Every structure is written in structure tokens, then in C-alpha cells.
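Structural overview for review
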Amino acid sequence: MKVSIGGPLKLAFRPWVEGLENVPAEGPAILASNHLSFSDSFFLPVMLDRKVTFIAKAEYFTTPGVKGRLTAAFFKGVGQLPVDRSGARGAGEAAIKSGIEVLERGELFGIYPEGTRSPDGRLYRGKPGGLARVALATGAPVIPVAMIDTEKIQPPGKVIPKLMRPGIRIGKPLDFSRYRGMEQDRFVLRAITDEVMYEIMKLSGQEYVDIYATAAKRQIAEAAKAEKQAQKDAQKDAGKGPAGS
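The rules behind each value
- Residues numbered from 1 in each chain as written.
- Predicted model: local features only at pLDDT ≥ 70, side-chain atom pairs only at ≥ 80, totals over all residues.
- Heavy atoms only, no water.
- Helix = DSSP H or I, 4+ residues; strand = E, 2+ residues; numbered from the N terminus.
- Buried < 20%, exposed > 50% of the residue type's maximum accessible area, 1.4 Å probe, protein only.
- Arc of directions from axis to C-beta.
- Salt bridge = Lys/Arg side-chain N within 4 Å of Asp/Glu carboxyl O.

One non-glycine residue, Arg 14, lies in positive phi territory at about 50 degrees. Note that Arg 14 resides in the loop between α1 (2–13) and β1 (16–18). Even without being a glycine, Asp 149 presents a positive backbone phi close to 70 degrees. Overall, Asp 149 belongs to the partly exposed group, its relative accessible area being 24%.

Written out as C-alpha cells, the structure is:
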């Protein structure tokens, strides 16, 4: 996959990267990245010599038909692991288990602490639990990563990507061994997550928003729905004409 996809991707988009020396040549490590675009899971792995395993929603692996089988083969080929997100807690536990297994094999595990793509290019609050628990359970260092401008390549609703140079900044590894054995302390999990998000913010230069991206998406959807309804009401009122006509 690095050859079939990575070569053309590098040639077409010419991504730049800073901080490659912060990724260990061997041994387990967690790559914690902001999430701006679907393409994040491709640009980051192709710029590294080592394999990076991310988690992906199970629907990518279970869709029926020829297209579904091709999609499943593609995601398996690029190292994605399926996670059933039908139940919030079940999804979190599955992600944690998958991450631990990858790291115990001495590999790189990629995770997006925001839990979903940013709806507007800003950096949102990291979800506690997944990242922090995997780090504490394995002792693996956490390497903050900032994807730059990937959301501009293929904005929502756009089919044809825009040819431009995305960037990747990789920060220095963070050691959380001082918290080992405190996996059940929610304040510790929150502190670890916030520290990682702060480092990602410094690397990316994004505006930070202290709410979850999922909540922001709901707010944006509700605002769009309200605006659409207001436009309909305005058109209806305009159609009635002046009173008494």
C-alpha cells in the first residue's frame, strides 16, 4: 500500500513533514493527531518508514457487495482495524483493546483524541479514556502530531481533491509513566489528554475550543436546520402578501 498509494500521493501532493526524528525507529509508540480530513490516515503513514495502525468504524469492513469488499480490502491494506461504534462504551473498550494489542507487538498506534473530524478546522477537546488508558496500560510514549491544511484538500461535499501541499508536524514524545497504576482516576485521564491536546495545539496553530467535536457538530447541524426553517417561514410570509390583500 505504501508503494501503490504512497508513491502517487507524495508525487501529486508533495506533503512536507517536520520532526520525523521524534518517531522511534523501533518499539511501541502512540501517534496522537488532530483530525481535519479523511485523508489524515493516509498522509501520515506514507511519510513514515514504519507501519501505523489506526482504528476505523466497522461499517468500512462490513458493507455488502463488490464495492463493500473492495473498501474492506483497502482499509485492511492500509492497516486500519475495525471497531464497532454501535455502543459508545463498547466502542471505547474495543478501541482500547485494539490499541494495546498493536503496541504490545512493538508497533505504532495512531489515534485521534478528538474522536471525530473537526467540523470547522478548529481543535476540539480531547476525549479522556482511550488515549490515556492505552498509554498507561502499555507505558508507550505519546507523540503529538499536527496535520496541516488537509481539510483544504477535500472539503466536505467535494469529490475531486484540490492539489495543494499538506503538512505534518511531529512533536517530541511525552512520557506519562509517572501516572502508571492510576488508570481508573478520571482526573489523571483528563490531565493526560489535556496535556496531549495542548501540545497538538502548539504544533498545529489551531484555535482551541473547549467542547467535544461531536457536540460542535450537533450545534452546527441544529443551527443550519433553524436557519433553513427561518428561510422557509420568511418565504411563506412573503407569499401571503400585505394584510388585507
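In this section: α1. Three or more residues of α1 are buried, namely Ile 5, Gly 6, Leu 9 and Phe 13. Looking down the long axis of α1, one finds its buried residues gathered within 90 degrees of arc, a one-sided arrangement. Projecting away from the buried face of α1 at angles above 90 degrees are the exposed residues Val 3 and Leu 11. Phi for Arg 14, located one or two positions after α1, is positive at around 50 degrees.

This structure, assessed with the given rule, holds 11 salt bridges. The closest approach of N and O atoms between Glu 107 and Arg 105, which form a salt bridge, is 3.2 Å. Two residues, Glu 207 and Arg 122, come together in a salt bridge whose shortest N-O distance is 3.5 Å. Of this pair, Glu 207 sits in the loop between α8 (186–204) and β9 (208–209) while Arg 122 sits in the loop between β5 (108–111) and β6 (123–124); the two residues are 85 residues apart in sequence, bridging distant segments of the chain. Accessibility expressed as a relative area gives 49% for Glu 207, which makes it partly exposed. Taking the relative accessible area as the measure of exposure, Arg 122 reaches 28% and is therefore partly exposed. Taken together, the shared-partner salt bridges connect Asp 120, Arg 122 and Glu 207 into one network.

Everything listed is a geometric property; what it means functionally is a separate question.
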